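Residue-level listing of the chains:
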Amino acid sequence: MATIWIDGVSYEADPSRNLLAVILELGFDLPYFCWHPALGSIGACRQCAITQFRGEDDHQGQVVMACMTPAAEGARVSIDHASAATLRKSVIEWLMVSHPHDCPVCDEGGECHLQDMTVMAGHTYRRSRLPKRTYISQDLGPLIGHEMNRCIQCYRCVRFYREYAGGHDLQAMGTRDRIYFGRYQDGPLESEFAGNLVEICPTGVFTDKTQARHYTRKWDLQTAPSICTHCGVGCNINPGERYGALRRVRARYHGAVNGYFLCDRGRYGYEFESSDRRIRVPLAPRGEQNQAEELSVQAAVTRVAKILTSSRRVIGVGSPRATIESNYALQRLVGADGFFHAACAEEHRSSLAALDALREGPSRSPALREIERCDAVVVLGEDLTQSAPMMALAIRQAALAIPRSVAERQGIPPWHDAAIRESVQSARGPVFLLSPAPTKLDDLATRVYRKTPRAIAAAGQAIARALDPQVPALAGDEMDRAGIEEIARALTVAERPLVVAGSGTASEAVINAAANLAWATSAAREDDRAAELAYALPWANSAGLSLLGGAPLDEALAAAERGEVDAAIILESDLDRIAGPGPAERFLGQVRHAVVLDHIAHPTAARADVVLPAATFAEGHGHLVNSEGRAQRQMAVFSPDEPIRESWRWLREAMMLAGYDEADSWTGAEAIAEAAARDHPALARLPDAQLSADFRLGGAKVARAPHRYSGRAAAKLHLNVLEPTPPRDNDSPLEFSMEGSPVLPPGKIETTFWAPGWSSPQALTRFQEEIDGPLRGGDPGVRLIEPAGEPFAYRDVALSAPSPELAPTPVVAAFGSEELSALAPGIAALAPRAFLELNPRDAASLGLADDDVVSVRARGASARLSVRLEPGRAQGTAGIPLGLEDIPVALSFAGELITGS
Amino acid sequence: MVFVLRSLWVVLQHMFRKRETYRYPEEKAPLPPRWRGRIVLARDPDGGERCVACYLCAVSCPVDCIALQATEDDQGRRYPDWFRINFSRCIYCGLCEEACPTYAIQLIPDYEMSEYRRDKLVYEKEHLLIEGPGKYPHYNFYREAGVSVGVKDPGESREEEPPVDIRSLLP
Amino acid sequence: MTTGGQIVVIIMIMGGALSLAAGLIWVERRLLGLWQDRYGPNRVGPFGILQPLADAIKLLFKEDWSPPFADRSVFLIAPAVIFATALLSLAVVPVAPGIGVVAEWNVGLLFFLAMASLGAYSVILGGWASNSKYSLLGGLRAAAQMLSYEVFMGLSLAGVVVLAGSFSLAEIVRAQADLWYVVPQFLGFVVFLIAGLAETRRLPFDLPESETELIAGFHTEYSGMSFGLFFVGEYIGIITISALITTFFLGGWHGPLLPPLVWFLLKTLVLIAVFVLFRAAMPRPRFDQLMAWGWKILLPITLINLLVTGAVVALP
């Protein structure tokens, strides 16, 4: 720790940081633009000027940029000194010379960093009478709005987009005062992380286009800590609600998981919540004369209870996108042997294998921020940019770990971004990709191998064997020795090696091979540490569902086929989408009664006896377990209109009516989470994921809405002139209104992230324990899975027999593969059309050409897909998109091509 | 003692003064043009809605009696989808008018809006929107702003240069 | 006088006082309006004369709510006490020769003073029984104020009694046939007027209810008709005090040309108008000023007055 002097007062500071970070951390206000904790300093905007003195007797000092000056021992600086303060005021005045008079119609207004900084620097009136510079803005697609006139040329956007997120199609163009940030022509931004520009941009150049249709200011949004439901990474989000509908989703800082950012699937997928397909009342889809009939709550629950009491064997289909609580309630209702997962066999096996591997061996599953610090990465099979985008972003940072450490050995401080870039140039740390098809991470990979899933597993095993001869040998290893040695060596010498795999290859063998590879590193390394092991599981609660246990959907279908099932309760899943319309219809025909609980209408729901409207992630409470094995709590953002409620509450009501006494004790979200924790040792720490409902600050709960929430004496008055009292929330320490404790709550339940003078997302520095550190009072969530350590037994990698058939491999699309986000109009517009991707040679041998239509079939489901040739795809694989245009998931994992006819 | 008598005498003299009271409703008080009464939404000189749904009136309202929802037309012009003022809560403080960046929301010299039912005091946009520009006849926000939204092309606002040519390399 | 005639007189005086009190509500508001350059109530009936009726109907239909924290029985009795004592005081007033309830009673003056003292209880009990801080403070102020000013009130009348040689009010009036006591007893008159203001808790001495600081003081918690009783009680108090000043100092029914009853009413009404004028003109003093005034100025004045009067009468 170094002692520094700010305006004559001494403070302890971390000398590895720059003065701007230290000053912000100490709670001072100092305006800045180009600095960002994730991007580092480049000293471009000249806004964070402070005066530095040579010693105690120096009263004149010199102006320096705080972000470019280390917090060295004995540094004496002044924030308030006239020379720096005047410069800051002048700089903002120059920046504002051409800033348009847009604030009222600008979506950034009210949370604009530029507004905050203008006020902070003291620039009040525009003295300039010069005409303002203008630009022609671009159409950047359905997600992001572009208004270049507002730009202040801080370069944050290109630094994030190109250097941090690896995008290519956003550039700084032009010279002089004509600098332009945009694409070379109109068109959607290609990066999956483009949405972060909305938060990165200090003003309103990049805005959230989905929000513009139902625009609401930050101060009017009711928010609560929540978890993204669109993939298994479990990023923290802050959804905002107004007038009973979600208005936007913003990244919610988590010191260990997603940091500052979010992928576009997570950011823009929220609009499914107000989709036309929402189920809002209980329905009997096959009522009188097969007409859909709305039911009262009472009638619906009675019908379900009657089905429960009159059926001999009831099974339940749990969902990887439903919460632990809902799945647990269903599991208790149908019993452990009647509980199935809404996942096809391959996906189910992959998830179980991944969890077993994380629990049995010595390898720890790293959180995203830990992945960023790994310095050698091997990815087996998974296209992370599409299936778990934020994990890909973390690996992009990991690829810089070694080049950065080289720069640091040259004496460059870690925050000095410009110098580090200069030192790093195009060097990227060892990243090895083994995949069936090109991925967006290929550009940073040290080596890319295109292989079939079977060969990837074999290669993984071969590398593991090169590290530890005890790993059993496998036939079918096609990898050259040099390549194996290279990867093995990288894993051995690295400080923090990492092995990544996922369920995206539809191969349990790849999962197991990744585990063996990670574990085997411990044998070769001097420190005996095993590599870290990260799995990308497909859905938000895949891990949680697997921890509860249960059989795959295929077995439920088989049981129904055998006539063993009288009734099925289907939780938040569309069986048509998983098994295909044919098998799903057959299944629903074989069970006498079916009950569906879901937020959105789908073909399976249309064939059920009773459909119950389930709360979405924004409307209810619950826990999700992410791929890392971290349980995280979703808190209801708003109280939905009656009768929408969490699935487990519907189940509880039906169970109580049907005489399942156990359900009585599930009096609230916390009670059922505690029951699940008692019943499942793996979930024992579940209730620790968030503060409990009896948490109070000065005797009060915490408000969901900001203190300046407007319009509550008018918002609902067209319905009833008597202003309604806000709904109560007995399940969390939050209140559904702006009434709450005036004391700042712990970061994990902070809702608004606003501090005096800081209205923009940059206010976050006020809520972190240290810059880039955990939230004040600790990050939320709790890890449920820890490695068992030594001794361990290598996992059995069972390769399928070699076959002349093309191996089906799912092609995951960040936009479209996930069921709920695909309903959001913005995401839907960017989702690719369904296709069948083949290597041109495979296609030629099958006599297929581009755009030929081929039938694909698996387990009774089928689809017709048009061929797309991809020279980069590994020979012997057929890429079948996951979930696009309602292609049954089973086809992506097990589809066979029907050719020749 | 004398001062008491003097006060009494001074007050007593008021018996012969003219009375200040206006005998409303037969006789109406003349109101100054900036009198703060009923709230209206004005139009710009082109006849378009002035309100850009920026929510500043709602947030400045000390009794939270203004609620609205912003939306956009296909040109990107922002306007309120609906706009509601609960006059049974309104205290006619004028802060909304003060906050309005486009002169859309204006308080006018009209106070005769009593109702027997509270719900009739909840005014929707169709009750609030007037045909003219109200107190500020010449202001047109979209002619000053940087956004185009179909009102003008980029660079055509007052005091704007034509759009820069980003391909130019001239110094 | 026959018993029947006596009953008629009682009813006349009571009814007259009550309807006068009701009318006073209108008179006071109109007069205040007049002196404050406005109209006052002018909408209900001709010149707004029916305003008291409208007010009474309103009060009757209002919920007569007693707070759950109040001492209920005392709370309900308190307004009745002031109403009754103020009305009973009128019994000793001779409105015209031979007309009066017990005008000839030889302890009439003492009876009036007794009733005035009893009236203090009403306000004190009302304030105390309300069990709220404003009411209690109002009650406390009323106790101190009314007890203090009662002393000077009694002493200021001593001079009159000395001059008239009787406690009977009719006797006192008859003794003023030649000279109204306002002349020899000017100091007594002034003190009695001030003490009368204080006893009726009229502005400027309405500290027990002072709206600006104590909301409504002792009757903060009262509503409906029990508030109405306090209200009417106050007006009857004004009438009583005005009638008594007329009796003690302004020669009662004496006067040329007009019949005695008219003279009496005329003098009383002018005094009532003076009461209203005080309200229109005078600001409220601080409570310590009120007490200091009473004990440091009024008490010496009355004692001197009594001394001088006694000396003058005793000297041959």
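Owing to the predicted nature of the structure, the values given are computational and were not obtained by experimental measurement.

Rules used in this analysis
Residues numbered from 1 in each chain as written. Chains lettered and ligands numbered in written order. Predicted model: local features only at pLDDT ≥ 70, side-chain atom pairs only at ≥ 80, totals over all residues. Heavy atoms only, no water. Helix = DSSP H or I, 4+ residues; strand = E, 2+ residues; numbered from the N terminus. Contact = heavy atoms within 4.5 Å. Areas by Shrake-Rupley, 256 points an atom, 1.4 Å probe, with all protein chains shown as cover. Lys, Arg positive; Asp, Glu negative; His and termini not counted. Charge placed at Lys NZ, Arg CZ, Asp CG, Glu CD. Phe/Tyr/Trp six-rings, centres within 6.5 Å; stacked < 30°, edge-to-face > 60°. Buried < 20%, exposed > 50% of the residue type's maximum accessible area, 1.4 Å probe, protein only. Lys NZ or Arg CZ within 6 Å of the ring centre and 35° of its normal. Pairing = 2+ DSSP bridges. Axes fitted to C-alpha atoms, helices over the stretch in contact; angles between N-to-C directions. pLDDT = per-residue confidence, 0-100. Buried area = accessible area lost by both parts, 1.4 Å probe. Salt bridge = Lys/Arg side-chain N within 4 Å of Asp/Glu carboxyl O. Polar contact = N/O pair within 3.5 Å; in protein donor to acceptor, adjacent residues only side chain to side chain. Nonpolar A, V, L, I, M, F, W, Y, C, P; charged D, E, K, R; others polar. Domains from an automatic or database assignment. Expected span 1.5 Å × (residues − 1). Bend = angle between axes of the 7 residues up to and from the residue.

Trainee: Please set out the overall build of chain A residue by residue, giving values where relevant.
Mentor: Across its full length, chain A holds 28 helices and 38 strands. Taken over the C-alpha atoms alone, chain A extends approximately 90 × 75 × 55 Å along its principal axes. Within chain A, contacts between residues separated by at least 24 positions form 73% of all contacts whose residues are at least 6 apart in sequence. Accessible surface for chain A amounts to roughly 31100 Å². Of this, 50% is attributable to carbon and sulfur atoms. One way to put it: in chain A the 91 positive side-chain charges average out to a point 4 Å from where the 113 negative ones average out.

Trainee: Which residues make up the packing of aromatic side chains, and what are the values?
Mentor: Applying the stated rule across the entire model yields 38 aromatic pairs over all chains. Between A:Tyr215 and B:Tyr55, the aromatic rings sit 6.3 Å apart at their centres with planes inclined by 55 degrees, giving tilted as the arrangement. Placement of A:Tyr215 in the loop between helix H6 (209–212) and strand E11 (222–223) and of B:Tyr55 in the loop between strand E1 (39–41) and helix H2 (56–60) is noted, with the two residues assigned to different chains. Like B:Tyr55, A:Tyr215 is buried. Between A:Tyr243 and B:Trp82 the ring centres are 4.8 Å apart and the planes differ by 55 degrees, which places this aromatic pair in the tilted class. Residue A:Tyr243 is found in the loop between strand E13 (236–242) and strand E14 (245–251), and its partner B:Trp82 is found in strand E3 (residues 78–86); the two belong to separate chains. For A:Tyr243, a relative accessible area of 24% puts it in the partly exposed group. By the ring-pair criterion, three or more aromatic residues cluster together here, those being C:Phe112, C:Phe186, C:Phe189, C:Phe192, C:Phe248 and C:Phe249. Directly above the aromatic system of A:Trp650 lies the positively charged group of A:Arg645, at a separation of 4.5 Å from the ring centroid. A cation sits over an aromatic face here: B:Arg84 above B:Trp82, 4.4 Å from the ring centre.

Trainee: I'd love a proper account of the sheet that holds strand E4 (residues 62–65) of chain A, names of residues and values included.
Mentor: Residues and elements named next belong to chain A. In space, the five strands of this open sheet follow the order E2-E1-E5-E3-E4, with mixed pairing throughout. With one partner strand each, in any of the chains shown, strand E2 (9–13) and E4 form the two edges of the open sheet. Neighbouring strand axes in the sheet, compared pairwise and without regard to direction, differ in orientation by 40 degrees on average. Pairing of strand E3 (residues 49–53) with strand E5 (residues 76–78), which is carried by three bridges, proceeds in the antiparallel orientation. Bridging across to E5, Gln52 finds its partner in Val77. Where helix H2 (residues 82–95) meets the sheet, its contacts fall on E3 and E4, and the angle it forms with E3 comes to roughly 160 degrees.

Trainee: Now, about the confidence of the model for chain C: what can you tell me, with residues and values included?
Mentor: For chain C, mean pLDDT is 84; residues scoring 70 or higher make up 99% of the total. The weakest mean pLDDT in chain C belongs to helix H8 (residues 211–214) of chain C at 80; the strongest belongs to helix H10 (residues 260–281) of chain C at 87.

Trainee: Would you mind going over the interface of chain B and chain C in detail, with residue names and values included?
Mentor: Contacts between the two partners involve 17 residues from chain B and, on the opposite side, 13 residues from chain C. The junction of chain B with chain C conceals about 1600 Å² of combined surface from both sides, 63% of it contributed by carbon and sulfur atoms. Sorting the residues of chain B by area buried against chain C places B:Leu8, B:Val11 and B:Arg19 first, and these three jointly supply 39% of that buried surface. Between chain B and chain C we count one salt bridge in total. Notably, a salt bridge pairs B:Glu26 with C:Arg43, separated by 3.1 Å at the nearest N-O pair. Counting across the chain B and chain C interface gives six residue pairs in polar contact (both at pLDDT 80 or more). A class-by-class count of the residues in the side of chain B that touches chain C yields eight nonpolar, three polar and six charged.

Trainee: Outline the domain arrangement of chain A, listing residues and values.
Mentor: All names here are of chain A. As assigned here, chain A comprises domain 1 (2–95), domain 2 (364–485 + 503–511) and domain 3 (807–898). Each of domain 2 and domain 3 was reduced to a C-alpha centroid, and the two centroids are 26 Å apart. Listed by partner, the interface residues are 15 residues for domain 2 and 14 residues for domain 3. Carbon and sulfur atoms supply 68% of the area buried between domain 2 and domain 3, which totals about 980 Å² over both sides. The interface formed by domain 2 and domain 3 includes zero salt bridges.

Trainee: How would you explain the pattern of salt bridges if you had to name every residue and give the values?
Mentor: This model, assessed by the stated rule, comprises 86 salt bridges over all chains. Here B:Arg78 ties to A:Asp107 by a salt bridge, and the two come within 2.8 Å at their closest N and O atoms. Taken together, the residues span two chains, with B:Arg78 in strand E3 and A:Asp107 in the loop between H2 and helix H3 (113–121). Neither B:Arg78 nor A:Asp107 differs from the other in exposure class; each is buried. The residue A:Arg783 makes a salt bridge to A:Glu786 at a minimum N-O spacing of 2.8 Å. Judged by relative accessible area, which is 10%, A:Arg783 ranks as buried. Beyond isolated ion pairs, a larger network of salt bridges with shared partners links A:Arg364, A:Glu370, A:Glu628, A:Arg630, A:Arg783 and A:Glu786.

Trainee: Now, about the side chain of A:Asp598: what can you tell me, with residues and values included?
Mentor: All names here are of chain A. The topology assignment puts Asp598 in strand E26 (residues 593–598). Since its relative accessible area comes to 0%, Asp598 is described here as buried. A polar atom in the side chain of Asp598 sits 2.7 Å from the side chain of His602. Those residues in contact with Asp598 that lie beyond four places of it in its chain are Ile279, Arg321, Glu572, Ser573, Leu612, Pro613 and Ala614.

Trainee: Tell me about unusual backbone geometry, and name the residues and values.
Mentor: A negative phi angle is the norm for most residues apart from glycine, just as the trans form is the norm for most peptide bonds. A:Pro643 follows A:Glu642 through a cis peptide bond whose omega is 0 degrees. Looking at where A:Pro643 falls in the secondary structure, it is placed in the loop between strand E29 (630–634) and helix H24 (647–657). Note the cis peptide between B:Tyr24 and B:Pro25, where omega equals 5 degrees. A positive phi angle, near 50 degrees, is found at A:Tyr243, a position not held by glycine. Positioned with a positive phi, B:Tyr103 is a non-glycine residue whose angle comes to about 60 degrees. Of note, B:Tyr103 is situated in the loop between helix H3 (95–99) and strand E4 (105–107).

Trainee: Give a description of helix H3 (residues 72–89) of chain C that names residues and reports values.
Mentor: Helical geometry note: an α-helix holds 3.6 residues per turn, so side chains three or four residues apart project in the same direction. Residue and element names in this part refer to chain C. Under the 1.5 Å per step criterion, the end-to-end length of H3 is 27 Å for 18 residues, consistent within 8% with the ideal 26 Å. Considering bend angle alone, the principal kink of H3 is centred on Ala78 and spans about 25 degrees; proline Pro79 follows within four residues of it. Where H3 is concerned, the buried positions are Val74, Phe75, Ala78, Pro79, Ile82, Phe83, Thr85, Ala86, Leu87 and Ser89. Packed against the buried residues of H3 are helix H1 (3–35), helix H4 (108–130) and helix H9 (224–249).

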